[in-house]
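Fold and contact review
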Amino acid sequence: MTQTSGTLFIVATPIGNLADITFRAIDTLKSVDLIAAEDTRHVKMLLQHYGISNKVIALHQHNEDKAALDIIEKLRSGISIALVSDAGTPLISDPGMPVVKAVHEANLTVVPITGACALIAALSVAGVAITPFTFEGFTPRTSGARQTFFKERAEIPTTWVFYESCHRILDCLQDMASVLPLERSIVIARELTKLHETIVKLPLGEMLALVERDANMRRGEFVVIVEGAEKINPADIDLTSEQLRVLTLLLTQCSLKQAVSLAVEITGAKKKLLYQKALEINGAEGE
Ligand code: SAM
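Residues numbered from 1 in each chain as written. Predicted model: local features only at pLDDT ≥ 70, side-chain atom pairs only at ≥ 80, totals over all residues. Heavy atoms only, no water.

Moving on to the pairing of strand β7 (residues 159–165). Counting buried residues along β7, seven of its seven residues qualify, which places the element largely inside the surrounding structure. Because side chains alternate across β7, one face comprises the buried residues T159, V161, Y163 and S165, and the other comprises W160, F162 and E164, equally buried. In this sheet, β7 lies alongside strand β6 (residues 133–138) in parallel orientation, the contact comprising four bridges. By the bridge assignment for β7, F138 is matched with Y163. Across six bridges, β7 lies against strand β10 (residues 221–226) in antiparallel orientation. Considered in β10, the bridge of Y163 is made with V223. (Buried < 20%, exposed > 50% of the residue type's maximum accessible area, 1.4 Å probe, protein only. Helix = DSSP H or I, 4+ residues; strand = E, 2+ residues; numbered from the N terminus. Pairing = 2+ DSSP bridges.)

Structural data, given as structure tokens:
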């Protein structure tokens, strides 16, 4: 008789309010053979709350490749496993990627048990254009690297989202304000689903002032959403034929970012205009 392989369930857990978990997630956590958790003590609080007494093993982040092999072996032997992180949806700035990749490579079955995710909750209440958006995870830890990170995104015309910790939120906004226009619209979604949930939408300069003067705005967990750079009407993109020729030529040779920055150097035209035109040219080529 052939052995039936077990299934890997990727189970979303609450991001604060313990009631934010689905019936299906609870059923899955009860019925699997094993729960693989980022932090076993953390998940045990959740399991206790829901009267679940299933076996929990650690999915060590520093040794995820080895953990992946162990999990594949268990799945092959017919054991079903639920993977959970400390909060929200696993793999979203959380461990789990090597395991899921290995499951695909081994032709085993992986099933999402959907639920809370801080970035999606934040976007749903932000009142900004969402399609498309970019999720950046956490920003770099040092100020210099963060400023470069923001500079590289300054001209992106679509919304971008990142996670930030209470230790860095102020420094992060200061770095952002040193690079982006102070009128750029920012949303901070803080402590979502918890007692001190706060959702604020302000121009960057005012947001920085608020976070500087209000210590509560530096506590807890944060999602930061940045509205894309203002899109220039194509009719207003007034480049000379020579500037356009240089840009078009550069776009055939290098990346959009490199082409724009070289075109700024060579032609002296405004970066914003060149960037917008470059997007237009590349878009037309892709049609
Ligand atoms: N997997 C999680 C998810 O689905 O959102 C995210 C895990 S990541 C390690 C933790 C970060 O997510 C926090 O530092 C914070 O930036 C954000 N986050 C998590 N819970 C949050 C909440 N309740 N309110 C605001 N941000 C939250």
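If you trace the backbone, R184 turns up in the loop between α7 (169–177) and β8 (185–190). Of the polar contacts made by the side chain of R184, one reaches the backbone oxygen of E227; its length is 3.1 Å. Apart from the residues lying within four places of it in its own chain, the contact partners of R184 are A154, W160, L202, P203, L204, V226, E227, G228 and A229. (Polar contact = N/O pair within 3.5 Å; in protein donor to acceptor, adjacent residues only side chain to side chain. Contact = heavy atoms within 4.5 Å.)

Before going further, it helps to examine the side chain of T28. Examined against the element boundaries, T28 turns out to sit in helix α1 (residues 23–31). Residue T28 is classed as buried on the basis of its relative accessible area of 7%. Here the side chain of T28 touches R24 through a polar contact of 2.7 Å, landing on its backbone oxygen. Ignoring any residue separated from it by four or fewer positions in sequence, one finds T28 in contact with F9, V11 and I113.

What follows concerns the sheet that holds strand β2 (residues 34–37). Spatially, β3-β2-β4-β1-β5 is the arrangement adopted by the five strands of the open sheet, whose pairing is parallel. Looking along the sheet, the strands with just one partner apiece sit at the ends: β3 (56–58) and β5 (109–113). Along the sheet, successive strands turn relative to each other by an average axial angle of 25°, direction set aside. Across three bridges, the pairing between β2 and β3 is parallel. Within β3, the position partnered with A37 by the bridge is A58. Packed on one face of the sheet, helix α2 (residues 40–49) meets β2, β3 and β4 (81–84) and runs near 155° to β3. (Axes fitted to C-alpha atoms, helices over the stretch in contact; angles between N-to-C directions.)

For the protein chain, the domain assignment lists domain 1 (7–116), domain 2 (119–226) and domain 3 (234–286). Relative placement of domain 1 and domain 3: their C-alpha centres are 47 Å apart. (Domains from an automatic or database assignment.)

The next subject is the environment of E227. Relative to the helices and strands, E227 is located in the loop between β10 and α9 (241–253). Of the residues examined, E227 reaches a relative accessible area of 24% and is grouped as partly exposed. Discounting residues that sit within four places of it in the chain, E227 has contacts with V128, A129, T159, R184, S185 and K201.

Once that is clear, we can look at the packing of aromatic side chains. Scanning the entire structure with this criterion turns up seven aromatic pairs. On the numbers, 5.8 Å between centres and 65° between planes, the contact of F138 with Y163 is edge-to-face. With F138 in strand β6 and Y163 in strand β7, this pair connects stretches of sequence that are 25 residues apart. The side chain of R153 reaches across the aromatic face of F149, ending 3.8 Å from its centre. (Phe/Tyr/Trp six-rings, centres within 6.5 Å; stacked < 30°, edge-to-face > 60°. Lys NZ or Arg CZ within 6 Å of the ring centre and 35° of its normal.)

Reading across from one edge, β6-β7-β10-β8-β9 is the order of the five strands in this open sheet, with mixed pairing throughout. Edge positions in the sheet fall to β6 and β9 (198–203), since each has one partner strand and no second. The average undirected angle you get between the axes of adjacent strands in this sheet is 20°. Lying on the sheet, helix α5 (residues 118–126) is in contact with β6, β7, β8, β9 and β10; it crosses β10 at an angle near 50°. Sheet strands in contact with helix α8 (residues 204–213) are β8 and β9, and its direction is about 130° off that of β9.

Below, the discussion takes up the site of the ligand. Residues in close proximity to the ligand total 19 residues, the closest being T89, D94, A118, Y163 and F222. T89 places a main-chain nitrogen or oxygen 2.8 Å from an oxygen atom of the ligand. Interatomic distance of 2.8 Å between a side-chain N/O atom of D94 and a nitrogen atom of the ligand. Bound to the protein, the ligand loses 91% of the 570 Å² it would expose on its own. Every element with two or more residues in the shell around the ligand is listed here: β7 and β10. Broken down by element, the shell around the ligand gets its largest block of residues, three residues, from β10. Looking at the shell around the ligand residue by residue, the classes come out as eleven nonpolar, three polar and five charged. (Near = heavy atom within 4 Å. Areas by Shrake-Rupley, 256 points an atom, 1.4 Å probe, with all protein chains shown as cover. Nonpolar A, V, L, I, M, F, W, Y, C, P; charged D, E, K, R; others polar.)

Attention now moves to the nonpolar core. Ranked by internal contacts, the top residues of the largest apolar core, which has 25 residues, are L173, M176 and I188. Contributions of two or more residues to this core are made by α6 (143–153), β7, α7, β8, β9, α8 and β10. Those residues within four positions of I188 in sequence are excluded, and the remaining contacts are I169, L173, T198, I199, V200, M207, V211, M217, F222, V223 and V224. (Core = buried A, V, L, I, M, F, W, Y, C linked by side-chain atoms within 4.5 Å.)

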